[in-house]
Amino acid sequence: METSAIDRVRASEFASETTYLNTSTCGLLPRRAADAVKALVDDNATGRRQGAGDHATVVAARDGFARLVGVGTGRVAVGGSVASHVGLVAASLPPGAEVLAPTGEFSSVVSPFAVRGDLKTRYVPLDELADAVRPGTAVVAFSAVQSSDGRVADLDAIRAAAAAHGARTLLDASQSAGWLPLDAGAYDYTVTGGFKFLMCPRGTSFLTVTEEAQETLPVLFPGMAAAEDAWGNVYGPVERLAAEARRFDEPVSFLSYHGAERSLELLAEVGVEAVHAHATALAARFREGLAPLGHEAVPGTSAIVAVPGLGGREPDLAAAGVVVSARAGNLRAAFHLYNTEADVDRALDVLSG
């Protein structure tokens, strides 16, 4: 029988000692990414390397992410957290600007706007978001997939409503990039924490910005990496900022990006479409298996399955070696390329007890 790319990388790259269904919290590191991080640690500990890491790995990770989400490298900035990237967008808005977001949206997506104190922040239920865009809305900030319950936003409707009213869109792809195909160029901004479905080490985060939006985004923390000629700006103020999105880069953790390069390489080998088909099929199997046990999951086709009111079972599952999470009262299970039907059945078996 022919072996799929997913089967091959599962066998060669992953060795989980648990039934791991918690990628919404943190993805498993592929072996190649872990090896890259370990090699850099050893080099830094023994003095074999000049400098803390290789700038080429940051370039490669940026390129890999750009290809994954369908934009040119010149639209991608790198950093360490979603909150920092959203903070750039928040800093670009004039006082009194309205930001529209879903009720219960992840904190990192909305807090940078809220703490400014001089913006109008408005929240509506996710399924009402498109209809709530109005004249005067400056930014619609939302996740493609909700962290608390795995619901997938109506992306087409929200984009159309924002365009009709001249609002910019900020999409958080942290819970979707890696399993849900993404055209980042369809949004003014996207932000993506790399340590979930992209399977990068924590400390990797990617911002995409259209060329038009780059004109209004402030450069808040420029270092030599944000300069057009990085090595020509080691001392003194940066003379000329990079012409592309690189000017918005934060100084990054080399350990994180040495691993990120390899994780993104693996995803490119498998293909997001293949991961989507695999992960959503496992999620559907889990939803179907819950019904005979008397549990009703949040409906949909997401790779993330939430079961309202069942969050209290998370410790029982953990004790049985099944790793899930509890969010907003929900039991949350997330399925990715390293999961199998046996993982689904094991979780159902524990829940039936």
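Residues numbered from 1 in each chain as written. Predicted model: local features only at pLDDT ≥ 70, side-chain atom pairs only at ≥ 80, totals over all residues. Heavy atoms only, no water.

(A) Up close: the packing of helix 10 (residues 272-290) against helix 12 (residues 341-352). Relative to each other, helix 10 and helix 12 sit at 25°, their axes nearing to 9 Å. One element, helix 10, and the other, helix 12, form an angle in the roughly parallel class. As helix 10 packs across helix 12, the resulting crossing turns out to be right-handed. Side by side, helix 10 and helix 12 meet where Leu282, Arg285, Phe286, Gly289 and Leu290 of the first sit next to Glu341, Val344, Asp345, Ala347, Leu348 and Leu351 of the second. Here the residues of the contact of helix 10 with helix 12 are counted per class, giving seven nonpolar, one polar and three charged. (Axes fitted to C-alpha atoms, helices over the stretch in contact; angles between N-to-C directions. Helix = DSSP H or I, 4+ residues; strand = E, 2+ residues; numbered from the N terminus. Parallel < 35°, antiparallel > 145°, perpendicular 65-115°, else oblique. Left-handed = near helix turned anticlockwise from the far one by under 90°. Contact = heavy atoms within 4.5 Å. Nonpolar A, V, L, I, M, F, W, Y, C, P; charged D, E, K, R; others polar.)

(B) Local environment of the nonpolar core. Among the nonpolar cores identified, the biggest contains 60 residues, and Val140, Phe142, Leu198, Phe206, Leu264 and Leu337 are the most heavily contacted of them. Elements supplying a minimum of two residues to this core: helix 1 (5-13), helix 3 (55-69), strand 2 (76-79), helix 6 (129-132), strand 5 (137-143), helix 7 (155-165), helix 9 (254-270) and helix 10. Residue contributions to this core peak at seven residues, all from helix 9. Counting residues in each nonpolar core, the second largest holds 23 residues, with Ala77, Leu119, Val191 and Leu207 among its members. (Core = buried A, V, L, I, M, F, W, Y, C linked by side-chain atoms within 4.5 Å. Buried < 20%, exposed > 50% of the residue type's maximum accessible area, 1.4 Å probe, protein only.)

(C) Broad picture of the sheet that holds strand 5. Taken together, the seven strands give an open sheet; going across it, the order is 2-8-7-6-5-3-4, and neighbouring strands pair in mixed fashion. This sheet does not close on itself; its edge strands, each paired only once, are strand 2 and strand 4 (120-124). Taken pair by pair, the neighbouring strands of this sheet meet at an average axis angle of 20°, ignoring direction. The pairing of strand 3 (residues 98-102) with strand 5 spans three bridges and is parallel. Within the sheet, the bridge partner assigned to Val99 lies in strand 5 and is Val139. Here helix 3 sits on the sheet in contact with strand 2, strand 7 (189-193) and strand 8 (205-209), set at roughly 125° to strand 2. In this fold helix 7 packs onto strand 5 and strand 6 (168-172), with an angle of close to 170° to the strand it touches most, strand 5. (Pairing = 2+ DSSP bridges.)

(D) View of the pattern of salt bridges. Enumeration according to the criterion identifies 18 salt bridges in this entry. One salt bridge connects Arg151 with Asp149, and the closest N-O pair in it is separated by 2.8 Å. What makes Arg151 partly exposed here is its relative accessible area of 30%. Note on Asp149: relative accessible area 11%, which makes it buried. Residue Asp349 is joined to Arg346 by a salt bridge in which the shortest nitrogen-to-oxygen separation is 3.5 Å. Here Asp349 and its partner Arg346 are both found in helix 12, three residues apart, which amounts to about one turn of the helix. For Asp349, a relative accessible area of 46% translates into the label partly exposed. Bridged by salt links that share partners, the residues Glu13, Arg32, Arg262, Glu265 and Glu269 form one connected network. (Salt bridge = Lys/Arg side-chain N within 4 Å of Asp/Glu carboxyl O.)

(E) Structural context of the environment of Leu21. Considering the arrangement of structural elements, one finds Leu21 in the loop between strand 1 (19-20) and helix 2 (31-46). With a relative accessible area of 0%, Leu21 lands in the buried category. For the pair formed by Leu21 and Glu212, sequence separation is 191 residues and the distance between their alpha carbons is 39 Å. Excluding its chain neighbours within four sequence positions, the residues that come into contact with Leu21 are Val322, Val323, Val324, Arg332, Ala333, Ala334, Phe335, Asn339, Asp343 and Ala347.

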